[in-house]
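# Coordinate inspection notes
Each chain, letter by letter, is given below.
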Amino acid sequence: PPATMRVTALVLATAATAAAFSTPSTPTARVAHVQKFAASPMAVSPAFASGPSKSTAMKMTEAAADAGGEEKSLGKKIFDGYTKTANVATTLFPVWTVLCSGIALKNPAAFNWFSTEYFTAALAALMLSMGITLTPQDFVDVASKPVPVIMQFLLCYVMMPLLALGLGKGFNVDPSLLAGLVLVGSINGGQASNLCTYIAKGNVALSVLMTTATTVGAIFMTPLLCKTLLGAVVPVDAAGIAKSTIQVVLAPIAVGMSLNKFFPKIVKAILPFAPVVGVVSTCLLVASAVAQVAEPILNAGMSLQIPILLLHLIGGLVGYALPRATGFSETSSRTMAIETSMKSSAFGFLLAKLHFGDYAARIPSAVSVVWMALTGSILAVIWRYIPVPEGDE
């Protein structure tokens, strides 16, 4: 497309995706937002902002009032219908993920337009959206109660990389695919985990803080793990990974925190429309990643699908069992399980594409985006119907 159209599209995509996952600026407010985003109030102005003149007949005044009431009622009904539809559409995001992945596998050319520039911008926008939800107080909260965050950080950056390495060797996957699998295990938690945590009746505020901690930690942990575990397997540009992580993660978060401080009203105004935009943006990221390596995914078969599925499934189960065994509450354990299981696979795809010497290293990340969404959402739905014991919140 022409340069002007490309720039415009990037700006729109960035703004829309940033809105998609935005929540209020404090953990307590974010809990309320996630729980009530589908029922956000909408101010509808009456048809007659100022009453009729004194010379107007009383009958016309009453008719005008009735019309204003009807219009308000109609507007509320329309908005209520939208929010209910948005709620259902957002909850079913794993279904849309699978459908878009299927389309990408069958017709990869349908997503050729979503180039690396768009992909990078969309990922940066997701990180920007996280920054929008953050304040310095959030980091104070982490420091005041660090044990759950530290536990999940270790699950993310110790257990998951080693599990990925063990599964890859156990299933005897090709070295380049092994590299991609370890990369998936070595990246930060994904933003979709916050929604799944709410569905699972977990601690949403804690989920946001954990996602933030692993996202910031990716700046140094991901290149360190990749170089340490894979340096002798495939060529890895650790310095390039660190640079890209700073550009795609750290800078957008810093900008987002500034926006949260100086433009909170703008962020708040677009929140009711954000969930659907977020689902669409996420599906585009997933479909684009799958489309770019569609043929290798089909050729790899179940020998690659099974270890990636097990990585997310075992990660979620261990992420729940270990905290429970060490005394954490039910809600905290559910939160850690989903945070551990759901990785930022789209970010892993970008890193593999830019900084791994072997083309096949990006395939596991493309496969992972599907299994990550499915595993996390299945765990969330199961836990949704298992009551949290009283006093174990």
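This text gives an overview of the structure that appears in the document. (Residues numbered from 1 in each chain as written. Predicted model: local features only at pLDDT ≥ 70, side-chain atom pairs only at ≥ 80, totals over all residues. Heavy atoms only, no water.)

It is worth spelling out the overall build of the protein at this point. When helices and strands are counted, the protein shows 18 helices and zero strands. Across the protein, contacts joining residues at least 24 apart in sequence account for 86% of those joining residues at least 6 apart. Element-wise, carbon and sulfur atoms account for 70% of the exposed surface of the protein, whose accessible area totals about 17700 Å². (Helix = DSSP H or I, 4+ residues; strand = E, 2+ residues; numbered from the N terminus. Contact = heavy atoms within 4.5 Å. Areas by Shrake-Rupley, 256 points an atom, 1.4 Å probe, with all protein chains shown as cover.)

Glancing now at the nonpolar core. In terms of nonpolar packing, the biggest core is built from 80 residues, with Phe119, Leu123, Leu311, Phe356 and Ile363 touching the most fellow members. Ranked by the residues each element gives to this core, the list is headed by helix H18 (residues 363-384), at 10 residues. For isoleucine 363, the residues in contact, after removing those within four places along its chain, are Leu177, Val293, Pro296, Ile297 and Leu304. If you look at the next biggest cluster of nonpolar residues, it comprises five residues, including Cys156, Tyr157, Ala218 and Leu225. (Core = buried A, V, L, I, M, F, W, Y, C linked by side-chain atoms within 4.5 Å. Buried < 20%, exposed > 50% of the residue type's maximum accessible area, 1.4 Å probe, protein only.)

Direction vectors running N to C along helix H8 (residues 175-185) and helix H10 (residues 204-230) enclose 145 degrees, while the axes themselves pass 10 Å from each other. As for how H8 packs across H10, the hand of that crossing is right-handed. Of the residues in H10, those touching H8 at Leu178, Ala179, Val182 and Leu183 are Thr222, Cys226, Leu229 and Leu230. Considered class by class, the residues forming the contact of H8 with H10 number seven nonpolar, one polar and no charged. (Axes fitted to C-alpha atoms, helices over the stretch in contact; angles between N-to-C directions. Left-handed = near helix turned anticlockwise from the far one by under 90°. Nonpolar A, V, L, I, M, F, W, Y, C, P; charged D, E, K, R; others polar.)

To continue, consider a nonpolar patch on the surface. Together, Val88, Leu92, Val95, Trp96 and Leu99 line one region of the surface with nonpolar side chains, adding up to about 410 Å² of accessible area. Within the secondary structure layout, valine 88 lies in helix H3 (residues 58-91). (Patch = residues over 30% accessible without salt bridge, like charges linked within 9 Å, V, L, I, M, F, W, Y side chains within 5 Å. Salt bridge = Lys/Arg side-chain N within 4 Å of Asp/Glu carboxyl O.)

This part is about the packing of aromatic side chains. According to the stated counting rule, one finds three aromatic pairs in the structure shown. Geometrically, the ring pair formed by tyrosine 320 and tryptophan 383 is tilted, given 5.1 Å between the ring centres and 40 degrees between the ring planes. On the criterion of sequence distance, the pair formed by tyrosine 320 in helix H15 (residues 302-325) and tryptophan 383 in helix H18 is long-range, its members being 63 residues apart. Taking relative accessible area as the criterion, tryptophan 383 reaches 10% and is therefore assigned buried. Its end group placed over the ring of phenylalanine 262, lysine 261 keeps NZ or CZ at 5.8 Å from the ring centre. Its guanidinium or amino end placed over the ring of tyrosine 157, lysine 343 lies 5.6 Å from that ring's centre, counting from NZ or CZ. (Phe/Tyr/Trp six-rings, centres within 6.5 Å; stacked < 30°, edge-to-face > 60°. Lys NZ or Arg CZ within 6 Å of the ring centre and 35° of its normal.)

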